[in-house]
Amino acid sequence: MIGELGRRTSTALLVHSALIQAVTFLVRPAATYRALELDVPGFALGLLAASYAVFPLLLAVPTGGLVDRLGERRLMAIGSAVVLSCSVFLLLWGSSIVALVIGTALLGAGQMACVVGQQAVVANNAASSRMDSAFGYLTFAASLGQALGPLAIALVGGASIRPDTQAIFMLAVIMGVVLFATTFVVPAHVSAGKRKAGSAGTGSAVSLLKSPGVARALATSATVLAVVDLTMVYLPALGADRGLTAATVGAMLTVRAVFSMVSRLLLGRVSRRIGRMRLLVVSLALSTAALAAAAIPMPAWLLFVVMAVLGLGLGIGQPLTMSWLSAQAPAGQRGRALALRLAGNRVGQVVLPSAIGVVAAGLGAGGVFLASAVVVGGTLLLLRGVQLD
């Protein structure tokens, strides 16, 4: 499945990818529910949400240097241990907004370390011809975990408006133990040879950004992820404007997510057939067209079709930019490049939605989709002269 790694190791890596996302999408909503139990003011909920991004922004590049020096498994083990510790901390002491903010910030740090380690395993071991497929499987597993986390909350919470957060944190601890144990199925030496062959850990973030294609790959990745966030935020607003029920809007978001997962499963096969560059162009063009179409009033059934097309386009964008960045980064610096990508994604998730929201403020939710189409379409200009195959 993933280059030179055996089936057992590949399976462990995919399980680890699904588990870290499941724990994250379990703990973050649970922390919000616990904050509501404590009757914290509205600004505190904003602080709780923002705390998750603090460490990824501050520590992403140094973490990338660590994975290039220490190896992927060690970083994944450290990240898993932090996530497990965070879950235990929230279970035992998460009874104040300060504790919830600290726990959420630690969760962000642990999740980042796990993801950087996972992506570095793929980048350092997948053959060039299989890299798109490997990243497709990895991101599919991550998407599956993002669906399983909220499902676990639904199972624990049942029909109650506010679920039993103590039970959810206990479940997170159990999942954290499995996450930590799964790390050790990944061999410690997965990329030792490649690190010795390259200049492991050398160079700065600035020099990395000057490498051909790296800055453009980062910008494309950040744009695609920001638009995914915008879709989740503004599709409900668009539905309200057009008189669609919450259940209908939820079904549309599910359709988008499912088609993103399907696109990732088929990514390697399609990429080998038509080429990585052509596929990336097609995915961005599909996303642009779907975003622009969503701004046009249409029947609900047709908007479902538009969301399916948008899911295909956006689902392809993320793993392909990982492949692009891995191919462009100098030997021995792929972990740092992928960590820089995560930091860029966090910045994009803050800057782009804010900018698009301001520009399209007078045009309503439809205007946000139209402005998003312009931004995604603009990324096609970044691909001029780039050779990805």
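Please refer to the structure placed before this passage.
Now for a description of the structure that goes with this document. Throughout, a residue's number is its position along its own chain's written sequence, starting from 1. At least 70 in pLDDT is required for a residue's local features to be given in this predicted model, at least 80 for side-chain atom pairs to be given and counted, and no such filter applies to totals for whole chains, interfaces and linings, which use all residues. Only hydrogens and water are removed before side-chain values are computed, so all heavy atoms of the structure are retained for them.

1. Remarks on the pattern of salt bridges
- Take a side-chain nitrogen of Lys or Arg and a carboxyl oxygen of Asp or Glu: if they are within 4 Å of each other, that pair is a salt bridge. Inspection of every chain in the model, using the stated rule, returns two salt bridges.
- One salt bridge connects arginine 34 with glutamate 37, and the closest N-O pair in it is separated by 3.4 Å. Of the two residues, arginine 34 and glutamate 37 both sit in helix 1 (residues 7-37), three residues apart, roughly one turn of that helix.
- When a residue's accessible area, from a 1.4 Å probe over protein chains only, is under 20% of the maximum for its type it is buried; when over 50% it is exposed; and in between it is partly exposed. Classification of glutamate 37 by relative accessible area gives partly exposed; the value is 36%.
- Among the ionic pairs, aspartate 132 bridges to arginine 276, the shortest N-O distance being 2.8 Å. Here aspartate 132, found in helix 5 (residues 131-157), pairs with arginine 276, found in helix 12 (residues 276-294); they are 144 residues apart in sequence, far enough to count as distant. A run of DSSP states H or I qualifies as a helix once it reaches four residues; a run of E qualifies as a strand once it reaches two. Both are numbered from the N-terminal end.

2. Quick word on the packing of helix 3 (residues 72-93) against helix 6 (residues 165-183)
- Angular values range over 0 to 180 degrees, each being the angle between N-to-C directions of two axes fitted as lines to C-alpha atoms, with helices fitted over their stretch in contact. Relative to each other, helix 3 and helix 6 sit at 165°, their axes nearing to 8 Å. When the axes of helix 3 and helix 6 are compared, the pair comes out roughly antiparallel. With respect to the hand of their crossing, helix 3 and helix 6 are arranged in left-handed fashion. Touching Arg73, Met76, Ala77, Ser80, Ala81, Val83, Leu84, Ser87, Val88, Leu90 and Leu91 of helix 3 are Gln166, Phe169, Met170, Ala172, Val173, Gly176, Val177, Leu179, Phe180 and Thr183, all from helix 6.
- Split into classes, the residues belonging to the contact of helix 3 with helix 6 amount to 15 nonpolar, five polar and one charged. In this scheme, roughly parallel covers angles under 35 degrees and roughly antiparallel covers those over 145, while 65 to 115 is roughly perpendicular and the rest are oblique. Helix crossings are classified by the rotation of the near helix relative to the far one: an anticlockwise turn of less than a right angle makes the crossing left-handed, while a clockwise turn makes it right-handed. Any two residues whose heavy atoms approach within 4.5 Å are treated as being in contact. Three classes are used, and their members are as follows: Ala, Val, Leu, Ile, Met, Phe, Trp, Tyr, Cys and Pro are nonpolar, Asp, Glu, Lys and Arg are charged, and the others, Gly among them, are polar.

3. Digging into a nonpolar patch on the surface
- Like charges within 9 Å and nonpolar side chains (Val, Leu, Ile, Met, Phe, Trp, Tyr) within 5 Å are joined into patches, using only residues over 30% in relative accessible area that form no salt bridge. Only the protein chains shown count as cover for residues, and all accessible areas are computed by the Shrake-Rupley method using a 1.4 Å probe. Together, Val54, Leu57, Leu58, Leu59, Val347, Val350 and Val351 line one region of the surface with nonpolar side chains, adding up to about 580 Å² of accessible area.
- Breaking the nonpolar patch down by element, the ones donating at least two residues are helix 2 (42-70) and helix 14 (334-359).
- Ranked by residues supplied to the nonpolar patch, first place goes to helix 2 with four residues.
- Among the secondary structure elements, valine 54 is positioned in helix 2.
- The class for valine 54 is partly exposed, based on a relative accessible area of 39%.

4. Focus: unusual backbone geometry
- Even without being a glycine, aspartate 39 presents a positive backbone phi close to 55°.
- Tracing the backbone shows aspartate 39 in the loop between helix 1 and helix 2.

5. Let's talk about the packing of aromatic side chains
- In this scheme Phe, Tyr and Trp rings, the latter by its six-membered ring, pair at centre separations within 6.5 Å, and the angle between planes marks the pair as stacked below 30 degrees, edge-to-face above 60, and tilted otherwise. Going through the model one piece at a time under the given rule, you end up with two aromatic pairs.
- For the ring pair phenylalanine 89 and tryptophan 93, a centre distance of 6.0 Å and an interplane angle of 40° mean the geometry is tilted. Highlighted residues: phenylalanine 89 and tryptophan 93, both in helix 3, separated by four residues, approximately one helical turn.
- Given the relative accessible area of 24%, phenylalanine 89 is considered partly exposed.
- Of the residues examined, tryptophan 93 reaches a relative accessible area of 53% and is grouped as exposed.
- Where phenylalanine 180 meets phenylalanine 184, the ring centres are 5.1 Å apart and the plane angle is 80°; that geometry is what we call edge-to-face.

6. So, helix 15 (residues 364-379)
- Expected helix span is given by 1.5 Å per residue-to-residue step, counting one fewer step than there are residues. Taking 1.5 Å per residue as the helical rise, helix 15 with its 16 residues ought to reach 22 Å, and the 23 Å between its terminal C-alpha atoms agrees with that figure.
- Along helix 15, the positions that sit buried rather than exposed are Ala365, Gly366, Gly367, Val368, Phe369, Ala371, Ser372, Ala373, Val376 and Thr379.

7. Some remarks on the packing of helix 1 against helix 3
- One way to put it is that helix 1 packs onto helix 3 with a least axis distance of 11 Å and a crossing angle of 25°. When the axes of helix 1 and helix 3 are compared, the pair comes out roughly parallel. Viewed along their axes, helix 1 and helix 3 form a crossing whose handedness is left-handed. The residues of helix 3 that touch helix 1, namely those facing Leu13, His16, Ile20, Val23, Val27 and Arg34, are Met76, Ser80, Val83, Ser87 and Leu90.
- Looking at the contact of helix 1 with helix 3, its residues break down into seven nonpolar, three polar and one charged.

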